[in-house]
Amino acid sequence: MAQELNIHTFSEANIGIWSRRWLLLASGDFQLADYNAMTVGWGSIGNVWNYPFAQVFVRPTRYTMEFMEKYPTFTLNAFAKEYRKALNYLGNTSGRDCDKLTASGLTATASQYVAAPTFTQAQLWIECETIYWQDLEPGHFLLPEIEQHYPQKDYHRIYYGKIKGIFQNE
């Protein structure tokens, strides 16, 4: 059974949730069975425009970007270490080529507040409504080494999502 957490007091180690746990970004509409997911390791959680928000980075080459553009909601899902193999697979396999979610062994399920799915195996998930996006401008990089992340010049689009709910499985 899932327990809803208080958005304003949520304090998961903000940097570690991205760098150590990884997250599964899901976008689309669960009820329409039209969604995709990908592993993400870059992002942030904070406050902007007086909204609690989650920020995610998606390259234009990723299939998930099509869903981020088509649908106004997304979820971020954290899993126990035992799911690392599935998350690695989901981060390295395109949903354009196969039903990677089924192959991963994860089970999508309806979210509480948004159309995008969450997953029954998730320990923690954050449900978001997209409120803003912006494309990275390489001319704004102040550290030259940032450019090394873009050998293909496929600069990320950044999506800001107003957090509608945060949940954890008990």
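Residues numbered from 1 in each chain as written. Predicted model: local features only at pLDDT ≥ 70, side-chain atom pairs only at ≥ 80, totals over all residues. Heavy atoms only, no water.

Chemist: Lay out helix α3 (residues 84-92) with the relevant residues and their values.
Modeler: Residues A86, L87 and L90 constitute the buried set of α3. The buried side chains of α3 occupy one side of the element, clustering within an arc of 95° when seen end-on. Among the exposed residues of α3, those oriented more than 90 degrees off its buried face are K85 and N92. For α3, the secondary structure elements touched by its buried residues are β2 (23-29), β3 (34-40) and α4 (100-104). (Buried < 20%, exposed > 50% of the residue type's maximum accessible area, 1.4 Å probe, protein only. Helix = DSSP H or I, 4+ residues; strand = E, 2+ residues; numbered from the N terminus. Arc of directions from axis to C-beta. Contact = heavy atoms within 4.5 Å.)

Chemist: Account for the nonpolar core, naming residues and giving values.
Modeler: By size, the foremost hydrophobic cluster in this structure holds 21 residues, and its most contacted members are L25, V56, F74, L76, I126 and I163. Elements that contribute at least two residues to this core include exactly β2, β3, β5 (51-58), α2 (63-70), β6 (73-78), β9 (124-135) and β10 (157-169). Among the nonpolar cores identified, the runner-up in size contains 14 residues, and A26, F79, L87 and L106 belong to it. (Core = buried A, V, L, I, M, F, W, Y, C linked by side-chain atoms within 4.5 Å.)

Chemist: With reference to specific residues and values, describe the environment of Q55.
Modeler: The residue Q55 is located in strand β5 in this model. Accessibility expressed as a relative area gives 11% for Q55, which makes it buried. C-alpha separation for the pair Q55 and W42, spaced 13 residues apart in sequence, amounts to 8.5 Å.

Chemist: Quick one: what's the story with the pattern of salt bridges, residue by residue and with numbers?
Modeler: Within this structure, the stated rule accounts for seven salt bridges. Linking E129 and K164 is a salt bridge whose minimum nitrogen-to-oxygen distance equals 3.5 Å. Separated by 35 residues along the polypeptide, E129 in strand β9 and K164 in strand β10 bring together distant segments of the chain. On the accessibility criterion, K164 (31% relative accessible area) is partly exposed. One salt-bridge network, held together by shared partners, links E69, D135 and R157. (Salt bridge = Lys/Arg side-chain N within 4 Å of Asp/Glu carboxyl O.)

Chemist: I'd like a description of the packing of aromatic side chains, backed by residues and values.
Modeler: One pass over the structure, following the stated rule, counts 14 aromatic pairs. An angle of 65° between the planes, with centres 5.4 Å apart, marks the rings of Y132 and Y160 as edge-to-face. Linking Y132 in strand β9 with Y160 in strand β10, this pair joins segments that are 28 residues apart in sequence. Of the aromatic side chains, those joined through ring pairs into one cluster are W49, F53, Y132 and Y160. Lying across the ring of W133, R157 places its NZ or CZ 3.5 Å from the centre. (Phe/Tyr/Trp six-rings, centres within 6.5 Å; stacked < 30°, edge-to-face > 60°. Lys NZ or Arg CZ within 6 Å of the ring centre and 35° of its normal.)

Chemist: Which residues make up a nonpolar patch on the surface, and what values do they have?
Modeler: Nonpolar side chains collect at one region of the surface, where W49, Y51, I131 and Y132 lie side by side and expose about 380 Å² of accessible area between them. Locating W49 in the fold gives a position in the loop between β4 (43-48) and β5. (Patch = residues over 30% accessible without salt bridge, like charges linked within 9 Å, V, L, I, M, F, W, Y side chains within 5 Å. Areas by Shrake-Rupley, 256 points an atom, 1.4 Å probe, with all protein chains shown as cover.)

Chemist: Report on unusual backbone geometry, specifying residues and quantitative values.
Modeler: The residue N50 is not glycine, and still its phi comes out positive at about 65°. With respect to the element layout, N50 can be found in the loop between β4 and β5. Residue K153 is not a glycine yet carries a positive backbone phi of 60°. You can see K153 is positioned in the loop between β9 and β10.

Chemist: Can you tell me about the side chain of K100, naming the residues and giving the values?
Modeler: Mapped onto the elements, K100 comes out in helix α4. Despite its burial, K100 pairs with no opposite charge, the nearest such side chain being D97 at 9.1 Å. In this structure the side chain of K100 is engaged in a polar contact, spanning 2.8 Å, whose partner is the backbone oxygen of L90. Not counting the four nearest positions on each side in its chain, K100 is found in contact with N36, A37, M38, R62, Y89, L90, T93, S94 and G95. (Lys, Arg positive; Asp, Glu negative; His and termini not counted. Polar contact = N/O pair within 3.5 Å; in protein donor to acceptor, adjacent residues only side chain to side chain.)

Chemist: Hey, could you go over the pairing of β3 for me, with residue numbers and the actual values?
Modeler: Among the seven residues in β3, five count as buried, and that is most of the element. Here β2 runs beside β3; their pairing, made up of seven bridges, is antiparallel. Along β3, the bridge assignment pairs S27 with N36. Counted between consecutive antiparallel strands, the loop separating β2 from β3 contains four residues, among which A33 sits at a positive phi close to 55°. (Pairing = 2+ DSSP bridges.)

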